[in-house]
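Next come the chains, spelled out residue by residue.
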Amino acid sequence: MLNRRYLRIKVMQALYAYFQAEDGDMPRGERELLRSIDKTYELYIYLLLLPFELARLAFNKIEIGKEKRLPTHGDLNPNMRFVDNRLIKQLSEHKQLKKEANARKLTWQGDDEIDFIRTRWESISSSEEYKAYMAAPSATYTDDQNLLLDVFKKHIADDDDAEHFIEEKNMHWPGDLNMAVAPAIIRTFESGSETKEPSLAPLYKDAEEDKQFVVDLFRKTIIYNEESEKYISEKTKNWEVERIAIMDVILMKMAITELLHFSNVPVKVTLNEYIEISKTYSTPKSKQFINGILDKLVADFRQDNSLKKTGRGLME
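It should be emphasised that the depicted structure is a prediction, and the values quoted were computed from it without experimental measurement.

Draft legend 1. Spotlight on unusual backbone geometry. In this model, Lys 105 sits at a positive phi of 55 degrees, which is unusual for a non-glycine residue. Tracing the backbone through its elements, the reader meets Lys 105 in the loop between helix H6 (95-103) and helix H7 (111-125). Lys 105 gets classed as exposed once you look at its relative accessible area, which sits at 72%.

Encoded structure:
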């Protein structure tokens, strides 16, 4: 679920907190880093529970309609297509999803969550894609699947109110929705079929290797902090390091750490990853600045034979 770029972003955020703190407690920072990554998976599970909650609200509205004093023909003969959506039913009966949700005590039963579900439902039920889905003569599993994909993309992933709700819900979730969780949910929805329930994504692609990468990058960036600062200072003699954007400094320190102390990570991968991350998390000019400094450092490292790459790290 989480690729190496997003793991680097999580480390970057943890390092920012570490360097801003007065106590510099590395073990605590590491624990918080791993907890933050786990919380990303929690958001993934949490949002996979939402379709059933929407279907339950739709069902309750149908039942209320039947109890009207003077019910209409539509009230007595409701369209149950969304309530009976096959992908939603698979998710509601998914044993692994239930197990993860129960273990993490995840529900949508809070007052703010119930209000959120109601506002989402109003938006969804009045949308053109929902009306077309409900009005079609029949619906295949693929139709059920496509409707849920449209609902998630337009009314959750691309909706500012939904993103605000998520970010307010948990301090670890800002930025997680579209950077990591939304693509994983879309892949989960797409993995289902008439005869096969959707597959849940694992948190890491390779749990042991990726987790070790995260821990090593966090620790080594701190351990080699002074060394990295020296390299940066040598290439920014017309600047005081304190005047450079703090995020730029952290990204360059991480990149230098990878270049010199991660033998299995290719140089081009390191350069590309941190330049891409800077586009989102630093200043508009950071891409060119970081690229220029790192290019000069790589040239120096090659000249003095500091780059010790092995295995996959030898790939250019």
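Draft legend 2. Seen up close, the packing of helix H15 (residues 267-281) against helix H16 (residues 286-303). Running from N to C, H15 and H16 point in directions that differ by 160 degrees, and their axes come no closer than 9 Å. Taken together, the axis directions place H15 and H16 in an arrangement best described as roughly antiparallel. Both H15 and H16 take part in a crossing whose hand is right-handed. Of the residues in H16, those in contact with Val 267, Leu 271, Ile 275, Ser 278 and Lys 279 of H15 are Ser 286, Lys 287, Ile 290, Asn 291, Leu 294, Asp 295, Val 298 and Arg 302. Classifying every residue of the contact of H15 with H16 gives six nonpolar, three polar and four charged.

Draft legend 3. Geometry of helix H9 (residues 141-157). The end-to-end C-alpha distance of H9, which contains 17 residues, comes to 22 Å, matching closely the 24 Å that a straight helix rising 1.5 Å per residue would cover. Burial in H9 covers these residues: Tyr 141, Asp 144, Gln 145, Leu 147, Leu 148, Leu 149, Val 151, Phe 152, His 155, Ile 156 and Ala 157.

Draft legend 4. A look at the side chain of Lys 309. With respect to the element layout, Lys 309 can be found in the segment after H16. This buried residue, Lys 309, is left without a salt bridge; Glu 258 holds the nearest opposite charge, at 6.5 Å. Of note is the side chain of Lys 309, whose polar atom sits 3.3 Å from the backbone oxygen of Leu 259. Ignoring anything within four residues of it in the chain, the contact list for Lys 309 reads Glu 258, Leu 259, Phe 262, Ser 263, Val 265, Val 267 and Leu 314.

Draft legend 5. The arrangement of the packing of aromatic side chains in detail. Under the counting rule described, the total for this entry stands at 14 aromatic pairs. The interplanar angle of 45 degrees and the centroid separation of 5.1 Å between the aromatic rings of Phe 82 and Trp 121 together place this pair among those described as tilted. Of the two residues, Phe 82 is situated in the loop between helix H4 (73-76) and helix H5 (86-92) and Trp 121 in helix H7; the sequence distance between them amounts to 39 residues. With respect to class, Phe 82 is no different from Trp 121; both count as buried. Here Trp 108 and Phe 116 contribute two aromatic rings whose centre-to-centre distance is 5.8 Å and whose plane-to-plane angle is 20 degrees, an arrangement assigned as stacked.

Conventions and cut-offs
- Residues numbered from 1 in each chain as written.
- Predicted model: local features only at pLDDT ≥ 70, side-chain atom pairs only at ≥ 80, totals over all residues.
- Heavy atoms only, no water.
- Helix = DSSP H or I, 4+ residues; strand = E, 2+ residues; numbered from the N terminus.
- Buried < 20%, exposed > 50% of the residue type's maximum accessible area, 1.4 Å probe, protein only.
- Axes fitted to C-alpha atoms, helices over the stretch in contact; angles between N-to-C directions.
- Parallel < 35°, antiparallel > 145°, perpendicular 65-115°, else oblique.
- Left-handed = near helix turned anticlockwise from the far one by under 90°.
- Contact = heavy atoms within 4.5 Å.
- Nonpolar A, V, L, I, M, F, W, Y, C, P; charged D, E, K, R; others polar.
- Expected span 1.5 Å × (residues − 1).
- Lys, Arg positive; Asp, Glu negative; His and termini not counted.
- Salt bridge = Lys/Arg side-chain N within 4 Å of Asp/Glu carboxyl O.
- Polar contact = N/O pair within 3.5 Å; in protein donor to acceptor, adjacent residues only side chain to side chain.
- Phe/Tyr/Trp six-rings, centres within 6.5 Å; stacked < 30°, edge-to-face > 60°.

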